[in-house]
Amino acid sequence: MSTGAAPPVVDARGGRSPAGRVAVATAQLLAAVVAIFALTTLLPGDAAEVVLGPDATDEQVERLRTELGTGLPAAERLGDWLGGLVTGDLKTSLVTGRPVVDEVTDRLGSTVLLAALGLAVMVPLGVAVGTAAGRRPGSVVDRVSTATVSALQAAPQFATGLLLVGLFSLQLGWLPATAGGGSLLSPAVLVLPVVVLVAAQLGWLSRQIRQGVLQTDRAPHVTHLRRLGLPERDVLLRHVLPGGLAPSVQQLARIVEGTLGGVVVVEALFALPGVGAGVVDAVQNRDIPLIQGYALLAALVTITVNLVADAATARLSPVREDEP
């Protein structure tokens, strides 16, 4: 006789079901929204005084405080902000007077282009390097690739960027040092920023893939398939790579987050008009609504990336025969 109890929110691989993952992601997003509001509320100083400057009169400062609602109880301000989020209203920038949504989306294209190009280069390169090293542990390829990516990872992004600018821009004159107000669609403008992004994150991905491929390549079921005479190409593409990539998907989520964080440094270094530069300007100007908008975007991207990575990991992980 059925008790009417809901089944556990798990899938065949022992992880959360899609509905369970979405529920957890929704809870994380709500927690992030509350944390963003709390942290921006606790920022020291008076936003009205910072925005208006030292020459503002007391009346002007008080008027702006009223517009910002800084004198209202925190719960009421949080409720007002949450209500705006539901309707897509993130308030207006204190500096430009434009809607926060417009300010963020205007800069988003540059950042998305830069991050997408970096990942498009990094992921295939990381898979190739990690797979080659993992299938031949201790070989020259393994030692050279591990040493190279470790050295690139250890160097700070800012230092790597300055070295590349000094060599390829100032000394050789092959590439522009900054965007300089030019079009981001020019490949020359994006070469150095993409190289800096890839250099900083490639080591994490290639080492994780190396370890996964190394373990999977020596697994009993892979050894058995080779004994059966299955072509090595099929063994690699259908069994070694999927099993080796499964633990790397979560690391790839961390890499995406690291890439987005590194964009702030890269955009500042190469004068690219993206989200990273917008965050710096918003913090300097104490533009609270704009800071909240950028923070919300970062939280949304991070949670979405982890949600996709969690689902992909479950899809790539092999189901054991003894599992129910």
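Residues numbered from 1 in each chain as written. Predicted model: local features only at pLDDT ≥ 70, side-chain atom pairs only at ≥ 80, totals over all residues. Heavy atoms only, no water.

The protein chain goes by ABC transporter permease in an unreviewed UniProt entry, where it is assigned to Pseudonocardia alni subsp. carboxydivorans. Per its UniProt entry, the protein chain bears the Subcellular location (unreviewed entry) comment "Cell membrane". The record in UniProt for the protein chain states the following under Sequence similarities (unreviewed entry): "Belongs to the binding-protein-dependent transport system permease family." (UniProt positions renumbered as here; feature names shortened; annotations may be inferred.)

Trainee: Lay out the side chain of Ser93 in plain terms, naming residues and giving numbers.
Mentor: Assignment of secondary structure puts Ser93 in the loop between α4 (74-87) and α5 (100-135). One polar contact links the side chain of Ser93 to the main-chain amide nitrogen of Thr96, over a distance of 3.3 Å. Every residue in contact with Ser93, bar those within four places of it in the chain, is listed here: Arg98, Val100, Glu103, Asp287 and Leu290. (Helix = DSSP H or I, 4+ residues; strand = E, 2+ residues; numbered from the N terminus. Polar contact = N/O pair within 3.5 Å; in protein donor to acceptor, adjacent residues only side chain to side chain. Contact = heavy atoms within 4.5 Å.)

Trainee: Go over the packing of α5 against helix α8 (residues 187-217) with me, naming the residues and quoting the values.
Mentor: Where α5 contacts α8, the axes come no closer than 6 Å and their chain directions differ by 35°. The handedness of the crossing between α5 and α8 is right-handed. (Axes fitted to C-alpha atoms, helices over the stretch in contact; angles between N-to-C directions. Left-handed = near helix turned anticlockwise from the far one by under 90°.)

Trainee: Explain unusual backbone geometry to me, using residue names and the numbers behind them.
Mentor: The phi torsion at Lys91 lies on the positive side, around 70°, for a residue other than glycine. Examined against the element boundaries, Lys91 turns out to sit in the loop between α4 and α5.

Trainee: Tell me what's going on with the pattern of salt bridges, and back it up with residues and numbers.
Mentor: Oppositely charged side chains are able to pair whenever their charged atoms sit close together. Tallied over the full model, the rule gives four salt bridges. When the shortest N-O distance is used, the salt bridge between Glu103 and Arg98 registers 3.5 Å. (Salt bridge = Lys/Arg side-chain N within 4 Å of Asp/Glu carboxyl O.)

Trainee: Explain the packing of aromatic side chains to me, and be specific about the residues and the numbers.
Mentor: Under the definition given, this model contains one aromatic pair. Ring plane angle 45° and centroid distance 6.0 Å describe the contact between Phe168 and Trp174, whose orientation is recorded as tilted. The positively charged end of Arg207 is found above the aromatic ring belonging to Trp204, 5.9 Å away from the centroid. (Phe/Tyr/Trp six-rings, centres within 6.5 Å; stacked < 30°, edge-to-face > 60°. Lys NZ or Arg CZ within 6 Å of the ring centre and 35° of its normal.)

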